[in-house]
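# Structure assessment
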Amino acid sequence: MALWKEANTVRKDTPGASVAEPLPPRLELNTAAPEAPAVRETPPRAVSRDTSESVIGANLTIEGKIEGTGHVRVAGRFKGDIVVEGNLTIDNGAKVEGGVTGNAITIAGELEGNILNAAKVELLASGVLVGDLKADTLTVAAGSRMRGRADFGWGPSKGGKSSSGENGSKS
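Quick summary incoming for the structure in this document. None of the values given here were measured: they were computed from a predicted structure.

Bringing the overall build of the protein chain into the picture now. When you go through the protein chain residue by residue, the secondary structure sums to zero helices and 17 strands. A burial count over the protein chain gives 29% of its 171 residues as buried. In the protein chain, 7% of the contacts between residues at least 6 apart in sequence involve partners at least 24 apart. For the protein chain, the accessible surface area stands at approximately 12000 Å², while carbon and sulfur atoms represent 50% of it.

Spelled out as structure tokens, the structure:
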């Protein structure tokens, strides 16, 4: 099977012969991409080659603590704190109960706990957050739900002031 199209005729190598013989029909590969679903329930996987991703499968329930570098994807249930120097993804249908800290946190499932410190938090349409969050940026999709307090955009690079000022005095 060839990946390119060839002419359907072959000339005979005999000198003076100019008759072309037809070749048998060839199968062609279908290179069209399959149709993408209209609504994407889980976030896309974007993992660099240098960083590994640990996955808690959909049929697993784990209780404990996760600490380390790299990316973590929860597709099942996890009870405990998650502290990673990487990205945390909670898939649709997954549930995490505990405090989380990470670089970028994407919630398509349910998080019952506080997001203590994150550079970026993305709450997808199917995502539920019950708890407080503190992040540099927050993206909230229509249809998502949250119950708690949100503190975002006040990172050190934004030059924001606290309500009582730096030295505790009010002007």
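After that view of the structure, there is still more to cover.
Looking now at the side chain of His-71. With respect to the helices and strands, His-71 occurs in strand 6 (residues 71-74). Residue His-71 is classed as buried on the basis of its relative accessible area, which comes to 11%.

Okay, the pattern of salt bridges next. Here the structure, examined in full by the defined rule, presents seven salt bridges. For Arg-77, the salt bridge identified is with Glu-97, shortest N-O distance 3.9 Å. Of this pair, Arg-77 sits in strand 7 (residues 77-79) while Glu-97 sits in strand 10 (residues 95-97), placing them 20 residues apart in sequence. Overall, Arg-77 belongs to the partly exposed group, its relative accessible area being 40%. With its nearest N and O atoms 3.9 Å apart, the salt bridge here joins Arg-149 to Asp-151. Classification of Arg-149 as exposed rests on a relative accessible area of 54%. Here the residues in one salt-bridge network are Glu-53, Arg-73 and Asp-91, joined through shared partners.

Now for the pairing of strand 8 (residues 82-85). For a regular strand, the rule is simple: side chains alternate between the two faces of the sheet. In strand 8, alternate side chains face the same way, and those of Ile-82 and Val-84 are buried while those of Val-83 and Glu-85 on the opposite face are not. Taken together, the four bridges between strand 5 (residues 66-69) and strand 8 define a ladder with parallel strand orientation. Its bridge partner being in strand 8, Ile-66 is matched across the sheet by Ile-82. As paired elements, strand 8 and strand 11 (residues 100-107) share two bridges and run parallel to each other. When the bridges of strand 11 are listed, Ile-82 appears paired with Val-100.

Looking at the element boundaries, Glu-112 is found in strand 12 (residues 110-112). Sequence separation between Glu-112 and Met-146 is 34 residues, and the spatial gap between their C-alpha atoms is 9.9 Å. Residues in contact with Glu-112, not counting those within four places in the same chain, are Lys-95, Val-96, Glu-97, Gly-98 and Val-130.

Cut-offs and rules
Residues numbered from 1 in each chain as written. Predicted model: local features only at pLDDT ≥ 70, side-chain atom pairs only at ≥ 80, totals over all residues. Heavy atoms only, no water. Helix = DSSP H or I, 4+ residues; strand = E, 2+ residues; numbered from the N terminus. Buried < 20%, exposed > 50% of the residue type's maximum accessible area, 1.4 Å probe, protein only. Contact = heavy atoms within 4.5 Å. Areas by Shrake-Rupley, 256 points an atom, 1.4 Å probe, with all protein chains shown as cover. Salt bridge = Lys/Arg side-chain N within 4 Å of Asp/Glu carboxyl O. Pairing = 2+ DSSP bridges.

Shape is all these values report; function is a separate question.
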